[in-house]
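One letter stands for each residue in the lines below.
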Amino acid sequence: MRFLRKSNSKKTIIIISDVHLGAGEYVNGIRNYLEDFHYDEELVDFLEYFSSDEYASKDVELIINGDFFDLLAVPYVQVFDDEFWSEESSKKKLQLILDAHKEVMQALNDFLKVKNKKVTFIIGNHDAELVFDSLKEMVLNCFDKEVRDRFIIRELNDEYRPTDRVVLRHGHEYEIAHTFEEESCIIEDKDGKKYFNPPWGSYYVTRVINKFKEERDHVNAVRPINKFLINGLIYDTFFTLRFMLANTIYFIMVRSIYLFKISNNFGDWLKLFMKELHLFQDYEELTFEYLQDAKDTDVLIVGHTHEPICRTYTNGKTFINTGTWTRMYNLDFGKGGGNTQLTFAKIEVLDPKNNKDEHLPKVQANLHTWEGRNTLPYGSFN
């Protein structure tokens, strides 16, 4: 699909999500199987494109819609149990990520230095430890002082409207496993040491998914999950059985006790149990009612599930899931195989001078794949 011509819009908004910057492919000479991001050069090229040539003087806002940093996938912090969630450990994890992807952070800095450019950062469930002010400061320190005010980190779970009739949320807010209690995200011990209080979904990632990912690095990259399990039982039986058993034991130990504590009613417990089992819900179904009922919203953009979707309904409203910049495998027919799609949403805010009819849309929103330049004669086999 062709991009809208520059003269027809007064502002361009580009949205990426679920980049999942990790600690690098190698840490201390050891292969890091938890690193999911291998497209530094492509992301740098992406940022350069939208800050040069026809976009050099244009108003461009880059929105990072959650999970830019993957603080749940950094195994090289030598701590035990809940010390993983301490503020000090979070700072060490973030520093490893920043050191591993210096080119990306430099490209963001260069993007901000160009006239009329800004970055809005929405916190996701994989980088939720940015609720610590010290971590926010570490990120901001990556940029020159004169442009730091152009990099805005939003509050956790904060709905963002970059322009009229457009709403962005990362998407973890729709899943009970990844829902954060805003008022209790940070807790302190008796010595005043601060800790991040994660939802049970974050514990699940660090204590179950990460362990099995070291054996099969695709374990978190296959959709839909039911077909992954069915195929796994056929072709990788022992591993899949261990994976299913670990999931079952974890859920029973971690969640059942909690569910019984909050309700003595079996019916209530069963409803909560079934809701929590549904880890990856159909976001179109979840958001359809919201989008249809919201009179002040024409475009809803989320991420989180890593499945790129662009759907315009008969009433003209648009739902977009921006997908991911990591490798994914889809076992559903017609949804692709194992190729990576570097997807991003692009919104053109129409100039009212050229759009005087109040019944016409004020924005045009589309989902695109980035197919940028690559100067290397080879690629990495990941």
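For the structure itself, look to the data block above.
Reading the values: the criteria
- Within each chain, residues carry numbers counting from 1 in the order of the written sequence.
- Predicted model: local features are reported for residues with pLDDT of at least 70 only, side-chain atom pairs are reported and counted for 80 or more only, and whole-chain, interface and lining totals are derived from all residues.
- Side-chain measures here rest on the full set of heavy atoms in the structure, leaving out hydrogens and waters.
- Secondary structure elements follow DSSP: runs of H or I of four or more residues count as helices, runs of E of two or more count as strands, with numbering from the N terminus.
- Helix span is expected to be 1.5 Å times the residue number reduced by one.
- In this scheme, a residue with accessible area under 20% of its type's maximum is buried, one over 50% is exposed, and one in between is partly exposed, where area comes from a 1.4 Å probe on protein chains only.
- Throughout, a contact is declared for two residues whenever any of their heavy atoms are within 4.5 Å.
- Pairing between two strands requires that DSSP report at least two bridges joining them.
- Angles run from 0 to 180 degrees between N-to-C directions of axes, and those axes are lines fitted to C-alpha atoms, restricted for helices to the stretch in contact.
- Counting of polar contacts relies on pairs of N or O atoms within 3.5 Å, with two restrictions inside protein: one atom must be capable of donating a hydrogen and the other of accepting it, and residues adjacent in sequence are counted only when both atoms are side-chain atoms.
- What we call a nonpolar core is a set of buried Ala, Val, Leu, Ile, Met, Phe, Trp, Tyr and Cys residues that are connected through their side-chain atoms within 4.5 Å.
- Only four residue types enter the charge count: Lys and Arg as positive, Asp and Glu as negative, with His and the chain ends excluded.
- Think of a salt bridge as a Lys or Arg side-chain nitrogen and an Asp or Glu carboxyl oxygen that are within 4 Å of each other.
- Orientation labels follow simple angle bins: below 35 degrees gives roughly parallel, above 145 gives roughly antiparallel, 65 to 115 gives roughly perpendicular, and whatever is left gives oblique.
- Rotating anticlockwise by less than a right angle from the far helix to the near helix defines a left-handed crossing, while the corresponding clockwise rotation defines a right-handed one.
- Charged means Asp, Glu, Lys or Arg here, nonpolar means Ala, Val, Leu, Ile, Met, Phe, Trp, Tyr, Cys or Pro, and polar covers whatever is left, Gly included.

Participant: Can you lay out helix α3 (residues 102–113) for me, pointing to particular residues and giving the numbers?
Facilitator: Taking 1.5 Å of rise per residue, twelve residues should cover 16 Å, and α3 covers 17 Å from first to last C-alpha, within 8% of that figure. Buried within α3 we find Val104, Met105, Ala107, Leu108, Asn109, Phe111 and Leu112. The inward-facing, buried residues of α3 contact α1 (40–49), β4 (60–65), α2 (87–100), β5 (117–122) and β6 (151–153).

Participant: How would you summarise the environment of Lys113 if you had to cite specific residues and measurements?
Facilitator: If you trace the backbone, Lys113 turns up in helix α3. For Lys113, a relative accessible area of 46% corresponds to the partly exposed category. Taking the C-alpha atoms as reference, Lys113 lies 9.2 Å from Ser51; in sequence the two are 62 residues apart. For Lys113, the contacting residues outside a window of four places in its chain are Asp144, Val147 and Arg150.

Participant: Can you explain the sheet that holds β5? Please cite residues and give values.
Facilitator: Either a parallel or an antiparallel arrangement is found when strands of a sheet pair, and the pairing is made through backbone hydrogen bonds. The six strands are arranged β6-β5-β4-β1-β15-β16 in an open sheet whose pairing can be described as mixed. Among the strands making up the open sheet, the edge pair consists of β6 and β16 (363–369). Strand-to-strand twist across the sheet, computed as the mean angle between neighbouring axes with direction ignored, equals 20°. Across seven bridges, strand β15 (residues 343–350) lies against β16 in antiparallel orientation. Bridging from a neighbouring strand, Glu348 pairs with Gln364 of β16. On top of the sheet, α1 reaches β1 (9–16), β4 and β15; it is set at about 170° to β1, its chief contact. Of the strands in this sheet, β4, β5 and β6 touch α3, which is tilted by about 130° from β5.

Participant: Explain the pairing of β4 to me, using residue names and the numbers behind them.
Facilitator: The buried count for β4 comes to six of six residues, which makes it a mostly enclosed element. One ladder, built from five bridges, connects β1 with β4; its direction is parallel. Paired with Ile16 across the two strands is Ile64, which belongs to β4. In the sheet, β4 pairs with β5 via six bridges, with the strands oriented parallel. Each residue of the ladder has a partner; that of Glu61, found in β5, is Lys118.

Participant: So what's going on with the environment of Thr326? Which residues, and what values?
Facilitator: Looking at where Thr326 falls in the secondary structure, it is placed in the loop between β13 (318–321) and β14 (329–330). In the structure, Thr326 is positioned 307 residues away from Val19 in sequence and 6.5 Å away in space, judged by C-alpha atoms. Aside from chain neighbours lying at most four places away, what touches Thr326 is Asp18, Val19, His20, Asp36, His306 and Thr340. Within polar-contact distance, the side chain of Thr326 engages the side chain of Thr324 at 2.9 Å.

Participant: Before we move on, could you go through the nonpolar core and cite the residues and values that matter?
Facilitator: Judged by nonpolar contacts, the single largest core of 71 residues is most densely connected at Phe46, Leu62, Phe68 and Phe69. Sorting elements by how many residues they give to this core places helix α5 (residues 200–213) first, with seven residues. In this structure, Tyr160, Ile301, Ile320 and Val363 belong to the second largest nonpolar core, which totals 15 residues.

Participant: Tell me about the pairing of β13, and name the residues and values.
Facilitator: Judged by which residues are buried, β13 turns out to be covered on both faces: Thr318 and Ile320 on one side and Phe319 and Asn321 on the other are all buried. Here strand β11 (residues 299–302) pairs with β13 via four bridges, running parallel. When the bridges of β13 are listed, Val299 appears paired with Thr318. Two successive antiparallel strands, strand β12 (residues 309–312) and β13, enclose a turn made up of five residues, where Gly316 displays a positive phi of approximately 90°.

Participant: Residues and numbers for the side chain of Asp70, please.
Facilitator: As for its position among the elements, Asp70 is in the loop between β4 and α2. One buried charged side chain, Asp70, makes no salt bridge at all; its nearest oppositely charged neighbour is Lys213, positioned 7.9 Å away. Within the local environment of Asp70, its side chain forms a polar contact with the backbone nitrogen of Leu72, the two atoms lying 3.2 Å apart.

Participant: Summarise the packing of α2 against helix α4 (residues 133–140); cite the residues concerned and give the values.
Facilitator: Two elements in contact, α2 and α4, have axes separated by 10 Å at closest approach and are oriented at 20°. Considering the angle they form, α2 stands roughly parallel to α4. Note on packing geometry: the crossing formed by α2 with α4 is right-handed. Facing Glu87, Ser90, Lys91, Leu94, Gln95 and Leu98 of α2, the residues of α4 in contact are Ser134, Leu135, Met138 and Val139. Here the contact of α2 with α4 is composed, by residue class, of five nonpolar, three polar and two charged.

Participant: Describe the sheet that holds β13, naming the residues involved and giving the relevant values.
Facilitator: Across the sheet, four strands lie side by side as β7-β11-β13-β12; this open sheet has mixed pairing. Of all strands in the sheet, those bounded by a partner on one side alone are β7 (166–168) and β12. For this sheet, the mean inter-axis angle between neighbouring strands, taken without regard to orientation, is 10°. As paired strands, β7 and β11 are joined by three bridges and run parallel to one another. Across the sheet, residue Leu168 finds its bridge partner in β11, namely Ile301.

Purely geometric numbers; function is a separate question.
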